[in-house]
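Single-letter residue listing:
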Amino acid sequence: MDEQTSELTDKFVAIYQHLDKQDLSGLEEIYHHDVVFEDPAHRVEGYRQLLEYFSRLFDAVEYCSFNITEQLCCGDTAYVQWTMTFQHPKLQSGKKRLVNGCSRLVFAEGKVIYHRDYFDMGEMIYEGIPLLGPIVRQIKARL
């Protein structure tokens, strides 16, 4: 199973590294129709809900890209480490922001059936909000 998982993970990585806010059609190639997707702020069930969620996210940003830096496969599960670069008009005056994260992927029937993203919401959002950002960074520095 590791070889198949490795091939599926490679396909996942290739699609994510070329995601474009104008065309999310590649997602259908990698996600199972019964997929469950979770991140620190959301949980969606089913491919249709996942596509709607991604569409909203990509509509809200001016730019978004993923750089996959590492991947590890074990059985039907893969872990993918990434850096997301994005620009949101309401965060840090629309400047590019970097967020490091990791995704846990579980495959079934040749597609991702479970996808869980792990990342720091403070790094992604709170640190980019005027007035709040410096406070969050100061709190994190004291920990």
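Here the structure is shown first, and the text comes after it.
If you're wondering where the values come from, they're calculated on a predicted model, not measured in any experiment.

*Asks:* Mind showing me how you'd approach the overall build of the protein here?
*Replies:* The helix and strand inventory of the protein stands at 5 helices and 6 strands. Across the protein, helices and strands are ordered from the amino to the carboxyl terminus as α-α-β-β-α-β-β-β-β-α-α. Burial status across the protein gives 43% buried among its 143 residues. For the protein, contacts bridging at least 24 residues in sequence account for 49% of all contacts bridging at least 6. By element, 52% of the accessible surface of the protein is carried by carbon and sulfur atoms, the whole surface being about 8,300 Å².

*Asks:* Would you mind showing me how to read the nonpolar core here?
*Replies:* As a rule of thumb, soluble globular proteins bury nonpolar side chains together. In this structure, Phe12, Tyr16, Leu27, Tyr31 and Phe54 are the most contacted members of the largest nonpolar core, which totals 32 residues. Of all the secondary-structure elements, those providing two or more residues to this core are α1 (2-16), α2 (27-30), β1 (31-38), α3 (47-60), β3 (63-74), β4 (77-87), β5 (96-108) and β6 (111-119). Those residues within four positions of Phe12 in sequence are excluded, and the remaining contacts are Ile30, Tyr31, Val80, Leu105, Val112 and His115.

*Asks:* What exactly am I supposed to notice about α1 here?
*Replies:* Since one α-helical turn is 3.6 residues long, residues separated by three or four positions face the same way. With 15 residues, α1 should reach 21 Å at 1.5 Å per residue; the first-to-last C-alpha distance of 20 Å fits that figure. Inspection of α1 places Thr5, Leu8, Thr9, Phe12, Val13, Ile15 and Tyr16 among the buried residues, and these make up the whole buried set. Here the buried residues of α1 occupy an arc of 165° about the axis, which is enough to place them on one side. Residues of α1 that are exposed and angled more than 90 degrees away from the buried face: Glu3 and Glu7.

*Asks:* I keep staring at α3 and nothing clicks. Help me out?
*Replies:* Taking 1.5 Å per residue as the helical rise, α3 with its 14 residues ought to reach 20 Å, and the 20 Å between its terminal C-alpha atoms agrees with that figure. Of the residues making up α3, those classed as buried are Tyr47, Leu50, Tyr53, Phe54 and Phe58. Taken down its axis, α3 places every buried residue within 125° of arc, on the same side. Exposed residues pointing more than 90 degrees away from the buried face of α3 are listed as Arg48, Arg56 and Asp59.

What counts as what
Residues numbered from 1 in each chain as written. Predicted model: local features only at pLDDT ≥ 70, side-chain atom pairs only at ≥ 80, totals over all residues. Heavy atoms only, no water. Helix = DSSP H or I, 4+ residues; strand = E, 2+ residues; numbered from the N terminus. Buried < 20%, exposed > 50% of the residue type's maximum accessible area, 1.4 Å probe, protein only. Contact = heavy atoms within 4.5 Å. Areas by Shrake-Rupley, 256 points an atom, 1.4 Å probe, with all protein chains shown as cover. Core = buried A, V, L, I, M, F, W, Y, C linked by side-chain atoms within 4.5 Å. Expected span 1.5 Å × (residues − 1). Arc of directions from axis to C-beta.

Don't take any of this as a statement about function, it's just geometry.
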